[in-house]
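# Structural characterization, general
Listed below are the residues making up each chain.
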Amino acid sequence: MTTVETYATLDDAARAMGSDAAYLAGGTLLMRAVNEGNAPDRLVRLNNPNPKEFRSSGDKLILGAGLTMAGVLSLRELDFLHPVARVIGGPQIRNMATVVGNLFAEHPYGDFATALLALGAQVVPVGQGSPRPVEDIFRDRSRVGLISSVEFHRPRDPRAFGFLKVSRVKPKGVSVLSIAALLPREGGRIRGARIAFGAMGATPLRSAGAERALEGQSLDATSIDRAAAAAIEGLDPPTDQIASAWYRREVAGVHLKRLLTGMERI
Ligand SMILES: Cc1cc2nc3c(=O)[nH]c(=O)nc-3n(C[C@H](O)[C@H](O)[C@H](O)COP(=O)(O)OP(=O)(O)OC[C@H]3O[C@@H](n4cnc5c(N)ncnc54)[C@H](O)[C@@H]3O)c2cc1C
């Protein structure tokens, strides 16, 4: 049987955690596990997570652990992320699903986590620990501990960020794949390309091939074709009920080309 414990602060909740406990955020995944009898023995939650938790410091954006997809959509400062939050589940899911919870969502979920990977986001652990790249969570989710917030820098030009979700059921179906691209430009050249794919591995993954093809180039038909041809390098797509690994491999470059072509005109 699963028991639920409620605490006033994240620090209290962190102290109560142990190997037999999971932190209950929006519960869109954990409550399903409860219903299916697969939940941990103890669920730890807060009595009053602030759903609008958000602050900024200069160009640094800080999203608190309680911020939901609906919360993201309500914030003008996060407008470049609205296309990401908008395609996660239906309205009921978006009202409950948190940004931090998305980092722990297993394949094929993790559309927002894919965007955070492209943005080079870091997670801030509860307590004194220093921020760690989201890749650390993907490497071993069981050893991460409680997270208080996720932070990243707002792209200098928000149009340097692009996102595409490919699903069979629109607008809220599960991803065949999702792609997030951060392509900052200096003097017309891409500096610091980050291309992340969702549903193309057990966790969101960066496409080393596409990033290499774009770095230092201008975003044009030639560099886009090269990136599309190299898209699959660094990815490890699984087969599931949505699509086979073969299909995902075949279409990854096609969809990357579509996304990048739409970003070309800035
Ligand atoms: C019908 C349906 C449709 C969905 N559609 C999509 C979709 O289109 N795209 C998509 O990406 N996802 C989708 N999801 C998955 C899910 O809703 C999201 O991934 C959501 O963001 C998970 O967040 P949550 O707050 O509900 O997590 P919870 O269920 O509360 O928790 C999930 C995991 O995250 C951990 N966790 C949460 N917060 C913290 C924290 N602060 N520190 C440490 N660990 C934490 C929990 O302990 C747990 O292990 C869908 C789910 C359902 C049921």
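Note that the structure is predicted; figures quoted are calculated from it, not measured.

Moving on: unusual backbone geometry. Omega for the bond connecting histidine 107 with proline 108 falls within 30 degrees of zero, at 5°, which places this linkage in the cis form. Positioned with a positive phi, alanine 199 is a non-glycine residue whose angle comes to about 65°. With respect to the helices, strands and loops of the structure, alanine 199 is situated in the loop between β13 (194–198) and β14 (205–206).

Per the domain assignment, the segments of the protein are domain 1 (3–46), domain 2 (54–153) and domain 3 (160–263). Taking the mean C-alpha position of each, domain 1 and domain 3 sit 34 Å from one another.

Let's shift gears to the sheet that holds strand β6 (residues 122–125). Here five strands make up an open sheet; going across it, the order is β4-β5-β8-β6-β7 and the pairing antiparallel. With one partner strand each, in any of the chains shown, β4 (54–57) and β7 (132–133) form the two edges of the open sheet. Note: β6 against strand β8 (residues 147–153), four bridges, orientation antiparallel. Each bridged residue has a counterpart across the sheet, and for valine 123 the counterpart in β8 is valine 150.

The next thing to look at is the site of the ligand. Taken together, 30 residues lie around the ligand, and Tyr23, Gly26, Thr28, Thr98 and Asp111 are the ones closest in. Residue tyrosine 23 places a main-chain N or O atom 2.7 Å away from an oxygen atom belonging to the ligand. Between an oxygen atom of the ligand and a main-chain N or O atom of glycine 110, the distance comes to 2.8 Å. In the complex, the protein chains occlude 88% of the 990 Å² of accessible area that the ligand would expose alone. A molecule is said to occupy a pocket when more than half its atoms come within 2 Å of that pocket's grid points, and by this definition the ligand occupies the largest pocket. If you list the elements that add at least two residues to the shell around the ligand, you get β2 (21–23), α2 (30–35) and α6 (99–103). The dominant element in the shell around the ligand, judged by the number of residues it contributes, is α6, at three residues.

On to the sheet that holds strand β1 (residues 3–7). The parallel open sheet is built from three strands, whose spatial order is β1-β3-β2. Each having just a single partner strand, β1 and β2 make up the two edges of the open sheet. Across the sheet, the mean angle separating the axes of adjacent strands is 30° when strand polarity is ignored. Relative to strand β3 (residues 42–46), β2 runs parallel, the two sharing three bridges. Across the sheet, the residue bridging to alanine 22 is leucine 43, located in β3.

A few words on the nonpolar core. Nonpolar side chains tend to gather and get buried jointly when the protein is soluble and globular. In this structure, Leu63, Leu78, Leu81, Phe112, Phe152 and Phe161 are the most contacted members of the largest nonpolar core, which totals 48 residues. With six residues, helix α7 (residues 111–118) is the largest single contributor of residues to this core. Excluding residues that lie within four positions of it along the chain, phenylalanine 112 makes contacts with Met69, Val72, Leu81, Val84, Ala85, Ile88, Val99 and Asn102. Core analysis: the next-biggest nonpolar cluster, separate from the first, contains 27 residues, Leu183, Ala193, Leu214 and Leu256 among them.

Position of serine 223 among the secondary structure elements: in helix α10 (residues 221–229). There is a polar contact of 2.8 Å between the side chain of serine 223 and the backbone oxygen of serine 218.

Procedures and definitions
Residues numbered from 1 in each chain as written. Predicted model: local features only at pLDDT ≥ 70, side-chain atom pairs only at ≥ 80, totals over all residues. Heavy atoms only, no water. Helix = DSSP H or I, 4+ residues; strand = E, 2+ residues; numbered from the N terminus. Domains from an automatic or database assignment. Pairing = 2+ DSSP bridges. Near = heavy atom within 4 Å. Polar contact = N/O pair within 3.5 Å; in protein donor to acceptor, adjacent residues only side chain to side chain. Areas by Shrake-Rupley, 256 points an atom, 1.4 Å probe, with all protein chains shown as cover. 1 Å grid on protein atoms, 1.4 Å probe; cavity = no way out; pocket = protein on both sides within 12 Å on 5 of 7 lines; lining within 4 Å. Sits in = over half its atoms within 2 Å of the grid points. Axes fitted to C-alpha atoms, helices over the stretch in contact; angles between N-to-C directions. Core = buried A, V, L, I, M, F, W, Y, C linked by side-chain atoms within 4.5 Å. Buried < 20%, exposed > 50% of the residue type's maximum accessible area, 1.4 Å probe, protein only. Contact = heavy atoms within 4.5 Å.

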